[in-house]
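Residues per chain, in single letters:
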Amino acid sequence: MILIPLSEAYEVEFSRYKEHILGQVPGAAPAVPGMLPSMFSLPGQFGAMPMPVQAMTQQATRHARRVYVGGLPPIANEQSVATFFSQVMAAIGGNTAGPGDAVVNVYINHEKKFAFVEMRSIEEASNAMALDGILFEGAPVKVRRPSDYNPSLAAALGPSQPNPNLHLAAVGLTPGAVGGLEGPDRIFVGGLPYYLTEVQIRELLESFGPLRGFDLVKDRETGNSKGYAFCVYQDQSVTDIACAALNGIKMGDKTLTVRRAAQGNAQPRPEQDSVLLHAQQQIALQKLVFQVGAQPTKVVCLTQAVNVDELKDDEDYLDIMDDMREEGGKFGSLVNVVIPRPGPIGEQFPGVGKVFLEYSDTEGASKARATLNGRKFGGNTVVAVYYPEDKFSRQEYDG
């Protein structure tokens, strides 16, 4: 196959399409040979709509009906790609435009090992996004939106997310493993320190809620992080909250850039302010876990493990101290427990709401941090981080 620039390829495609339609009209030139048998084979539609209008409609929706497939093996060709994706779409129940093949056209760039696969409908193209990572001829391929995809326009034309009821197990895929990373609520997370693991990054992002999709971009040769990722939250209402809270945060020698992947920065609505403030507090605590060179110390700081109001009552306070000594003693030799209290008339001193556990060695502190971090207390998630020993010895609890 002779490769031609994509812009020219689209013109050729369109010309072939017009000639194919004309081939259906008595007396017109025959259809172009070599096109896929199923291409534009929707009975009854061409007679009901004048050709120029239909052609314009096809062109206008192409960006939303095409998917990018990357990482193709050298043996791939147009017919094998079309047959494969038509079969797997049928297997997962992704066909919504009636009987027949979902794929109507394929363009392959053999040199760069990618293809554009055009579907019959916008909904089928969105369902195809759930096929990201599927094995084609023994190789996992990437399924993405093409660069000309316009999420705002596509949202007005049809569904932009895969149907959640697709039978992905039929083709060996796990729902939500990588897919679900398209649409207007897709978030770009850049400036990630290279040493952070996927688990650590997910833990940071999930401070705002569970993720529907997450993809840490890695170097194909080394498998190392490239320092950026994409994610989509299950609850789309927290998208802007997460972007506002995370963007600009310093992590070691890096600064995070967090924004909607396909749109400009959006600001959270006024009614989201309290949620945003809470999320920012959570992130300020959790990012301590990921500081460059953070080494275990003998002191562990717990946040959201106590109810501040209960600290005001002497009896309750003593009970909490006893509980913390008992719980903290399970992990090693506990030297000291410090729980800063509000003043007599409710003054908020540094460290109020935190619990500090000092151990005789870092082994006990490490066990305590690993076990207590992420525990639920009163509906809140406890955050456990190592605390500088010098600051603790100076009774500085504001870190």
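This one's a predicted model, so the numbers in the text were calculated from it and none came from an experiment.

**Some details on the sheet that holds strand β6 (residues 142–144)**
Here comes step 1: An order of β2-β3-β1-β6 is seen for the four strands of this open sheet, with the pairing classed as antiparallel. Two strands in the sheet have a free side with no partner beyond their single neighbour: β2 (103–109) and β6. Mean inter-strand twist for the sheet, computed between neighbouring axes without regard to direction, equals 20 degrees.
Here comes step 2: In this structure, β2 lies alongside strand β3 (residues 114–119), joined through six bridges in antiparallel fashion. The residue of β3 that forms the bridge with asparagine 105 is glutamate 118.

**Some words on the sheet that holds strand β15 (residues 354–359)**
Here comes step 1: Pairing is antiparallel across the open sheet formed by four strands, whose spatial order is β14-β15-β13-β18. Only two strands of the sheet have a single partner each, and these edge strands are β14 (334–338) and β18 (383–387). Taking the axes of each pair of neighbouring strands and ignoring which way they run, one obtains an average angle of 20 degrees across the sheet.
Here comes step 2: Across four bridges, β14 lies against β15 in antiparallel orientation. Bridging across to β15, asparagine 336 finds its partner in glutamate 358.
Here comes step 3: On the sheet, helix α10 (residues 314–328) packs against β14 and β15 and is oriented at approximately 145 degrees with respect to β14.
Here comes step 4: Across the face of the sheet, helix α11 (residues 362–372) comes into contact with β13 (299–303), β15 and β18 while running at roughly 155 degrees to β18.

**With respect to the side chain of threonine 239**
Here comes step 1: Within the fold, threonine 239 resides in helix α8 (residues 239–246).
Here comes step 2: The buried category is assigned to threonine 239, whose relative accessible area is 0%.

Criteria and thresholds
- Residue numbers restart at each chain and count upward from 1, following the sequence in its written direction.
- Only residues with pLDDT of at least 70 get local features here, since the model is predicted, and only at 80 or more are side-chain atom pairs given and counted; chain-wide, interface and lining totals rely on the full set of residues.
- In computing side-chain properties, one takes all heavy atoms of the structure into account and sets aside hydrogens as well as water.
- At least two bridges found by DSSP between two strands are what make those strands a pair.
- Secondary structure elements follow DSSP: runs of H or I of four or more residues count as helices, runs of E of two or more count as strands, with numbering from the N terminus.
- Angles run from 0 to 180 degrees between N-to-C directions of axes, and those axes are lines fitted to C-alpha atoms, restricted for helices to the stretch in contact.
- In what follows, residue pairs with any heavy atoms lying within 4.5 Å of each other are defined as contacts.
- Residue exposure (1.4 Å probe, protein chains only): buried if accessible area is under 20% of the type maximum, exposed if over 50%, otherwise partly exposed.

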